[in-house]
Amino acid sequence: MQSFQEIIFKLKQYWAQRGCIIQEPYDVEVGAGTMCPETFLRVLGPRPYRVAYVQPSRRPADGRYGDNPNRLFKHSQLQVILKPTPEDVIEQYLGSLEAIGIDLRAHDIKFEEDNWEAPTLGAWGVGWQVMLDGLEITQFTYFQQCGGIDLDLVPAELTYGLERLTAFLQMRDSVYDIEWAPGVSYGDVRYNDELQYSVYNFELADIPTLWKLFELHEGEAARLLKLYDPKSAEKRRFPLLAAYDQVLKCSNLFNTLDSRGAISVTERVGVIQRVRKLAVGVAQAWADQQQPAAAEVAE
Amino acid sequence: MSLPFLLEIGVEEIPDWMVRSALENLRLLFEKLEIPHESVTLDATPRRLVLRAEGLPARQADSEERVLGPAASAPEKAVAGFARKQGARPEDLTIESTPKGKYYSFVRKVAGRPTKDILAEALPGVILEIYFPKTMYWTGKSGPRFIRPIRWIVALLGEEIVPFEIAGVRAGALTAGHRRLGAREIAITTADYEQRLRDHYVILSAEERRGKILKELKGVPYKPDHGLLDTLVYLTEFPTPITGSFDPRFLELPEEVLVTVMRHHQRYFSVEDAEGRLAPQFVAVMNIPSDPEGFVRRGNERVLRARFNDARFFWETDQKKKLADRVPDLAHVTFQAKLGSYLEKTGRTVELVKELGGDAHAVRAAQLCKCDLTTELVKEFTELQGVVGGLYARAQGELEPVWQAIYDHYKPESLEDAIPRHRTAQIVALADKLDTLRGCFRVGLIPSGSRDPFALRRAAQGVVKILVEGKLELPLLDLIGGAGDSAQLKDFFEDRVRYYFRDYRGFKYDEVNAAMAAGWNNLVDLLERLERIQNLRPTPDFEPLAASFKRIRNILEQAQFTGGAEFDPSLLEAGPERELYEEYQRIAGQPIESVISRLRPKVDLFFDKVLVNAPDARVRQNRLTLLNTLLAEFSTIADFSEIVTNS
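Criteria and thresholds
Residues numbered from 1 in each chain as written. Chains lettered and ligands numbered in written order. Predicted model: local features only at pLDDT ≥ 70, side-chain atom pairs only at ≥ 80, totals over all residues. Heavy atoms only, no water. Helix = DSSP H or I, 4+ residues; strand = E, 2+ residues; numbered from the N terminus. Buried < 20%, exposed > 50% of the residue type's maximum accessible area, 1.4 Å probe, protein only. Contact = heavy atoms within 4.5 Å. Areas by Shrake-Rupley, 256 points an atom, 1.4 Å probe, with all protein chains shown as cover. Lys, Arg positive; Asp, Glu negative; His and termini not counted. Charge placed at Lys NZ, Arg CZ, Asp CG, Glu CD. Phe/Tyr/Trp six-rings, centres within 6.5 Å; stacked < 30°, edge-to-face > 60°. Expected span 1.5 Å × (residues − 1). Arc of directions from axis to C-beta. Polar contact = N/O pair within 3.5 Å; in protein donor to acceptor, adjacent residues only side chain to side chain. Salt bridge = Lys/Arg side-chain N within 4 Å of Asp/Glu carboxyl O. Pairing = 2+ DSSP bridges. Axes fitted to C-alpha atoms, helices over the stretch in contact; angles between N-to-C directions. Buried area = accessible area lost by both parts, 1.4 Å probe. Nonpolar A, V, L, I, M, F, W, Y, C, P; charged D, E, K, R; others polar. Domains from an automatic or database assignment.

Q: Pulling in residues and values, what's your account of the overall build of chain B?
A: Scanning chain B from N- to C-terminus turns up 23 helices and 19 strands. Each principal axis of the C-alpha atoms in chain B carries an extent, and together these give about 95 × 95 × 50 Å. Burial analysis of chain B (647 residues in total) assigns 52% to the buried set. Long-range contacts, defined here as pairs at least 24 residues apart, represent 65% of the contacts in chain B between residues at least 6 apart. Put simply, chain B shows about 29700 Å² of open surface, and 49% of that area lies on carbon and sulfur atoms. Computed over 89 positive and 95 negative side-chain charges, the separation of the two mean positions in chain B equals 4 Å.

Set out below in structure tokens:
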């Protein structure tokens, strides 16, 4: 039986052999691998890029105190970005399943329409949920827009739900029973996270403090964006990545406030707009920053 | 020579629900090329759209083209120049007489173009013009758009490849088999195409795939479901059904929940036992020919178990907080940004229920009907909204009319769906829909074209259907024409009422126009009047009388008749005019069905013999008043001048 970590090793190995940079998880809390700069910013612009990384993804509202066998506050996504999309992308993807020991001649694979949209990121794409014997194991998306910008090269984004995939391969009914490493269960490693963050997100998070934090991070992101000068010869030095971290903080705080039931109906749309405005601002500045400065072109 | 043509567009998996309309579109675009052919066949799997045609000519017929040159009087040099330009010698030219004089002309023979060339030129456009509801680009933002990336193209006219290219994909004679059981490149001809696909585990014909599923399900007591079957036919290239089972203890959960999980989330057919009750089994359709090791069955069983466990977990968790205690939580659920929360909507719906004369049960149901939006089960299975609320209300001891009204309040979901089961439920459903419609129109969320994100057409259609079929004699126009209501709402409803009676109930369009012109505030009454018109229509007096009514209307309009003058019987002329009046007096107040045969000859005779436009102004006015009275008497059922007659 392959452990959770062995499956991750094999998938990373597989994609590394196909030209992907293997990144480590991003060190700011995110709701999905898509939000990491390795995806959100790298898909912009004309430069080809291939990357794979496992991203722990936090969804405060999905926490279940460790009680629900299939639902997690923090699950692990394997995120693969292939930019531009190779013609045989689906073949390559199916190959990755075979690499972790799934004989696709004896299993049922279906591609069912599933389009993806992230309003707070101004991003959307079309694609499928990939079903293996009735289980959704991967979200497959052709990005069309990100940060409100049409993409020059269309990247394929493959997002594997690693816990589900492992539970399937190990034939376990509960995520907590899957084997993370020989002799160590997922529950041994993660149960405390699930329990404690559920308590925090649903019961103890201090709403005024979270709002204050939200405003501080929002203010910092907005302050930086205002300082960005597309005409500056020095614009490459400008810390847009740091500004984007502030946006990610806002997004996570928004999700936490939401799970805490602290966002009223009238506020909700407005707060999403605030985050979106910052994310789109960073994306547009980033797209500009990646182009040579006016001065360089003139030389 | 007559040739077969084969076009296969190889695509990554196309959303199943778009395939059939795409094929029809492909057919139309092909026909528009006006290339002669005998027959066209269309086929598709998730990965290919295929058009095959028989009997195409190798080349178009030759034609002649006449080119006029210089005038006959032109200098020799100009004539030689014209001939050279046409690639001809001066002696090949002829002189032609035209209305403007004599001119040199040249008859150019145009050889018919090879069909292959025409196709090569046209096919990229044909393919990229196929309409899909949502398209993508895949080679970059300046590239072509299609439903999913095009990965290969087969284009054969007879034995020859029709050469063209789309997004770097060159048309050829290589198709692809099943993703894992077939080869990636298979050389084919127009003759062996379908068989070669079959050898590589692709059944090209959707009908054959459907037939295979049905045949292999013989003897399995599954619940037929055409929509699901269609989906599965277009999700697979080699479908094979398998039967799995689940723990009978899950049958304690409501059947609605179990069926939804199977049907909507897993695309399984449910299975019934001998008594027609849900059995602990399901049918899944795989995209491979067999499952000898039972991997697929066990995998699906495990997924279903997890789903059912989830549902049970949600069901039990949700029970910890009663629906009634969830009302304040609705403040956190957005109905629509400009229209506030579901708590506010609930308040409005409750008021509307009272206004509609709903009983205490209806009021209670209206208070609780949106509470299930805060439950885990509905967050997970949104399509069960309403139903879940009803089930929880029942489990929590709400009275039968109350839980049933909650359960039914989204009904009818389509014109074919049933209306809520009793009056209490109908009132709640009406109030909910009317509030949505009034609110959305008030803030400018008005459907246009195919854009109707709040499903307002369905809501209005539901209101119409409930009023008519529930025999609710409520004043519709008052309900949608309040002080704050949008004027467009009335027009919107008028269309829905028309649509309901014409397209769903099958009344003729002019009958609907006629009956609605006499009012549509009370839809129950409108239906009765329509039925009367429908019965009257075949009778011999009806159309002539309708024609006469139209004539009366025209006369009154032309005379700019506004009424005013008192009718004076003493001014009546003896004969047809007086007879018409006396007949009118006898039949006034009686239903038109019983008097039409007496009225019609009098009207005919009147128009035959009497000059409405009498020289004496008082007589003329009196005649117009008589006609107007007659028209008004019989126009309460319908405006008969709207009836289209042959005369």
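Having seen the structure, we can now continue with the description.
Q: Report on the packing of aromatic side chains, specifying residues and quantitative values.
A: All told, the structure shown has 38 aromatic pairs over all chains when counted by the stated rule. Here the aromatic rings of tyrosine 14 of chain A and tryptophan 15 of chain A are separated by 5.1 Å at their centres, their planes lie at 85°, and the arrangement is edge-to-face. The buried category is assigned to tryptophan 15 of chain A, whose relative accessible area is 0%. With a centroid separation of 4.4 Å and 20° between ring planes, the pair formed by tyrosine 268 of chain B and phenylalanine 282 of chain B is classed as stacked. With tyrosine 268 of chain B in the loop between helix H7 (255-265) and strand S16 (269-272) and phenylalanine 282 of chain B in strand S17 (residues 278-286), this residue pair connects regions lying 14 residues apart in the sequence. One exposure class covers both tyrosine 268 of chain B and phenylalanine 282 of chain B, and it is buried. Taken together, the aromatic side chains of Tyr93, Phe111, Trp128, Phe140, Tyr142 and Tyr160 of chain A make up a single cluster linked through ring pairs.

Q: With reference to specific residues and values, describe helix H1 (residues 19-31) of chain B.
A: Residue and element names in this part refer to chain B. Taking 1.5 Å per residue, 13 residues should reach 18 Å; H1 reaches 19 Å between its end C-alpha atoms and fits that length. Those residues of H1 that sit buried are Val19, Ala22, Leu23, Leu26, Leu29 and Phe30. Buried residues of H1, seen end-on, are gathered within an arc of 125° and therefore sit on one face of the element. Along its buried surface, H1 packs onto strand S1 (2-11), strand S2 (39-45), strand S3 (48-57) and helix H3 (115-129).

Q: Describe helix H6 (residues 226-233) of chain B, listing the residues and the values that go with them.
A: Spacing of three or four residues puts side chains on the same side of an α-helix, whose turn is 3.6 residues. With respect to burial, H6 of chain B is a largely interior element, six of its eight residues being buried. The residue sitting at the N-terminus of H6 of chain B and contributing the capping side-chain oxygen is aspartate 225 of chain B; that oxygen lies 3.3 Å from the backbone nitrogen of glycine 227 of chain B.

Q: Outline the environment of valine 269 of chain A, listing residues and values.
A: Following the sequence through the fold, valine 269 of chain A ends up in helix H8 (residues 265-290). Residues valine 269 of chain A and serine 76 of chain A, spaced 193 residues apart in sequence, show a C-alpha to C-alpha distance of 28 Å.

Q: Give me the pattern of salt bridges: which residues, what numbers.
A: Residue and element names in this part refer to chain B. All told, the structure shown has 71 salt bridges over all chains when counted by the stated rule. Note that arginine 48 is salt-bridged to glutamate 237, the shortest N-O span being 3.0 Å. In this pair, arginine 48 sits in strand S3 while glutamate 237 sits in the loop between H6 and strand S15 (240-245), placing the two residues 189 residues apart along the sequence. Neither arginine 48 nor glutamate 237 differs from the other in exposure class; each is buried. Arginine 364 is the salt-bridge partner of glutamate 398, the closest N and O atoms lying 2.7 Å from each other.

Q: Could you give an account of the sheet that holds S16 of chain B, naming the residues involved and the relevant values?
A: All names here are of chain B. Strand order in the open sheet made by the three strands is S15-S17-S16, with antiparallel pairing throughout. The open sheet has two edge strands with one neighbour each: S15 and S16. Mean inter-strand twist for the sheet, computed between neighbouring axes without regard to direction, equals 35°. As defined by bridge partners, S15 adjoins S17 across six bridges and the pair is classed as antiparallel. Bridge pairing in S17 places threonine 240 opposite methionine 286. Across the sheet, helix H8 (residues 295-319) touches S15 and S17, and the angle it forms with S15 is around 50°.

Q: Give a description of the interface of chain A and chain B that names residues and reports values.
A: Taken together, the 49 residues of chain A in the interface contact 49 residues of chain B. Between chain A and chain B, roughly 4300 Å² of surface is buried when both sides are summed, and carbon and sulfur atoms account for 51% of that area. Where chain A packs against chain B, one counts nine salt bridges. Where glutamate 98 of chain A meets arginine 180 of chain B, a salt bridge forms, and the shortest distance between an N and an O atom there is 2.8 Å. The tally of links between chain A and chain B comes to 23 residue pairs in polar contact (both at pLDDT 80 or more). Counting only elements with at least two residues in the side of chain A that touches chain B, the list comes to helix H3 (89-99), strand S4 (109-113), strand S6 (123-132), strand S7 (135-146) and H8 of chain A. Per-element tally for the side of chain A that touches chain B: the top contributor is H3 of chain A, with six residues. Across the side of chain A that touches chain B, the residue classes break down as 21 nonpolar, eleven polar and 17 charged.

Q: How would you sum up the sheet that holds strand S5 (residues 94-98) of chain B? Please name residues and give values.
A: In any sheet, the strands associate via hydrogen bonds between backbone groups, in a parallel or an antiparallel arrangement. Residues and elements named next belong to chain B. With antiparallel pairing, the three strands of this open sheet are ordered in space as S4-S6-S5. Whereas interior strands pair on both sides, the edge strands pair on one side only; in this sheet they are strand S4 (63-71) and S5. Averaged over all neighbouring strand pairs, the angle between strand axes comes to 45°, with direction disregarded. Pairing of S4 with strand S6 (residues 101-110), which is carried by seven bridges, proceeds in the antiparallel orientation. Note that in S6 the partner of serine 63 across the bridge is valine 110. Helix-sheet contacts for helix H2 (residues 76-85) involve S4 and S6, and the interaxial angle to S4 is about 160°.

Q: Just give me the short version of the domain arrangement of chain B, but keep the residues and values in it.
A: Residues and elements named next belong to chain B. By the assigned domains, chain B splits into domain 1 (2-59 + 115-199), domain 2 (63-110), domain 3 (206-318), domain 4 (323-530) and domain 5 (539-642). For domain 3 and domain 4, the distance between their C-alpha centroids amounts to 33 Å. The partner domain 4 presents twelve residues to the 13 residues of domain 3 that form the contact. Taking both sides of the interface into account, the surface hidden between domain 3 and domain 4 amounts to around 1300 Å²; carbon and sulfur atoms contribute 66%. It is Phe314, Trp315 and Asp318 in domain 3 that bury the most area against domain 4; as a group they hold 46% of the surface buried on that side. Counting the contacts that link domain 3 with domain 4 gives two salt bridges.

Q: Talk me through unusual backbone geometry; I want residue IDs and the actual numbers.
A: With an omega dihedral of -5°, the bond running from lysine 83 of chain A to proline 84 of chain A counts as a cis peptide bond. Here proline 84 of chain A shows up in the loop between strand S3 (74-83) and H3. In this chain, lysine 411 of chain B is followed by proline 412 of chain B through a cis amide linkage whose omega measures -5°. In this structure, proline 412 of chain B sits in the loop between helix H13 (400-408) and helix H14 (423-442). Non-glycine residue lysine 471 of chain B carries a positive phi angle of around 50°. Here glutamine 560 of chain B, not a glycine, exhibits a phi torsion of approximately 50°, which is positive. Counting through the fold element by element, glutamine 560 of chain B comes out in the loop between helix H20 (542-558) and helix H21 (576-587).

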